[in-house]
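# Overview (structure and organization)
Below are the chains, spelled out letter by letter.
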Amino acid sequence: DSFVASEPETASGQPIKITVSSVLSGESMLQIAEGTLQPTVWSPGEAAWVDQLAQKWALKNTNPITSAPCAPTVHTPVGLAMWQPMAEALGWPDRPIRMAQLIDLANNPEGWASLGHPEWGKLRLGHTHPQYSSAGLLFLAQVIYAVTGKTQGITAADIYAPQVQTALETLAANTSKYGMITTDLLNAMAQQGPAFLHVASAFEEGTMRTNAEKSAQLRWPLVFIFPEDGTFWSDHPYCILDGSGWVDPAEAEAARMFLAHLTSPEVQAEAANNFIRPLDGKIAPDSALAKIGFTDLAASPETIPALSIPSPEVSEAIIDQFYNTKRKATVILTLDVSGSMSGEAIRAATEATAEFLDRL
């Protein structure tokens, strides 16, 4: 809004307008690669999607889809959203929490009783789908990094190693809910309480926004946990698709002007008021992010290891192993086709069935 309010124009005097669409990182990457989605600028959650797009684009095109590297815009760390008493049972905020603790807790038949809370039962975990969601892909990558003891350069061979497969199977056995976007999981946690989920993979921004906007619904505040093993400091890359063939020079010029606006000191200073971190990491004490609490404001790539983004090959292996290890289900669909269902009833049932199958 602030950019448009300045009535920006290109060098030739063309007025600049911006239309923003919210998309899933993985889904939009596939659509852009196929040419069915043709934005001027694409900003996925993190750089792994950029590498995957470049690889898929190169299979059908000789020129790269961008003429310059995608630029970072803000930082949104990836970690765990957990109810405060449960985080405290694991040692927060006095002791750092490791991803291995989560795996051990998931694998413990006593569940939370092993930490003095039998009333919570077994660990209930939720995460988003790694084929479509940045948070889901990076959460599984975090687990794999933790199991291998690495912070850089995991390989496809690492992902298929027996100890990694065992860890992923353990998590899958205790994964209560999947989702397409973390917002859906966090909203459900707010609406249904701790019985719905105990912990979910999430961005810091979404966790803090849930605390701020849904405080009246929350039984307890949600804590954002930076796993001590390391995290991804997602930087929401800004990719100008000027090599695609559908972005003209004027649009590319306008996109560069908007990028300069986004990374200006004035706009970056507003980041923490929207629960995200500016690129320089400086968070004003009177900002919304600082006031909401329940996160480590001092955390940085210097204090929490910055995990390296998985390569396209590794990302594909993570998704493949997700399908290998996730719990399977048999769905039986039964339709009443008796005379009582004639007319509108059977039409509605048929349409609902088709929609259900399509969503699967």
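What counts and what doesn't
- Residues numbered from 1 in each chain as written.
- Predicted model: local features only at pLDDT ≥ 70, side-chain atom pairs only at ≥ 80, totals over all residues.
- Heavy atoms only, no water.
- Helix = DSSP H or I, 4+ residues; strand = E, 2+ residues; numbered from the N terminus.
- Expected span 1.5 Å × (residues − 1).
- Buried < 20%, exposed > 50% of the residue type's maximum accessible area, 1.4 Å probe, protein only.
- Contact = heavy atoms within 4.5 Å.
- Salt bridge = Lys/Arg side-chain N within 4 Å of Asp/Glu carboxyl O.
- Disulfide = S-S within 2.5 Å.
- Patch = residues over 30% accessible without salt bridge, like charges linked within 9 Å, V, L, I, M, F, W, Y side chains within 5 Å.
- Areas by Shrake-Rupley, 256 points an atom, 1.4 Å probe, with all protein chains shown as cover.
- Pairing = 2+ DSSP bridges.

## Topic: helix 8 (residues 162-173)
Between its first and last C-alpha, helix 8 extends 16 Å over 12 residues, near the 16 Å set by a 1.5 Å rise per residue. Of the positions making up helix 8, those classed as buried are Val 164, Ala 167, Leu 168, Thr 170, Leu 171 and Ala 172. Where helix 8 is buried, its residues touch helix 5 (99-107), strand 3 (125-128), helix 6 (134-148), helix 7 (156-159), strand 4 (175-179) and helix 14 (312-325).

## Things to note about the pattern of salt bridges
Applying the stated rule across the entire model yields 7 salt bridges. With a closest N to O distance of 2.8 Å, Lys 150 and Asp 158 form a salt bridge. Judged by relative accessible area, which is 31%, Lys 150 ranks as partly exposed. Arg 209 is paired through a salt bridge with Glu 213; the nearest N and O atoms lie 3.4 Å apart. Pair noted here: Arg 209 and Glu 213 are both in helix 10 (residues 204-213), with a separation of 4 residues, about one helical turn. Overall, Glu 213 belongs to the exposed group, its relative accessible area being 56%. Connected via shared salt-bridge partners are Arg 98, Glu 228 and Asp 229.

## Some words on the state of the cysteines
A complete count under the given rule lists 1 disulfide for this structure. A sulfur-sulfur separation of 2.1 Å characterises the disulfide bridge that pairs Cys 70 with Cys 239. Judged by the torsion about the S-S bond (115°), the Cys 70/Cys 239 disulfide is right-handed. Of this pair, Cys 70 sits in the loop between helix 3 (47-60) and strand 2 (76-83) while Cys 239 sits in strand 8 (residues 239-240), and the two are 169 residues apart along the sequence.

## Remarks on a nonpolar patch on the surface
Taken together, Val 331, Leu 333, Phe 356, Leu 357 and Leu 360 make up a surface patch of nonpolar side chains, about 500 Å² in accessible area. By the element assignment, Leu 333 lies in the loop between helix 14 and helix 15 (344-359).

## Focus: the pairing of strand 2
Buried residues dominate strand 2, accounting for 8 of its 8 residues. In terms of strand pairing, strand 2 meets strand 7 (residues 233-234) through 2 bridges, oriented antiparallel. Of the residues in strand 7, the one forming a bridge with Pro 77 is Trp 233. One ladder, built from 5 bridges, connects strand 2 with strand 5 (residues 199-203); its direction is antiparallel. Bridge pairing in strand 5 links Ala 81 to Ala 200. Of the strand pairs in this sheet, strand 2 and strand 6 (residues 222-225) are connected by 4 bridges, and their pairing is antiparallel.

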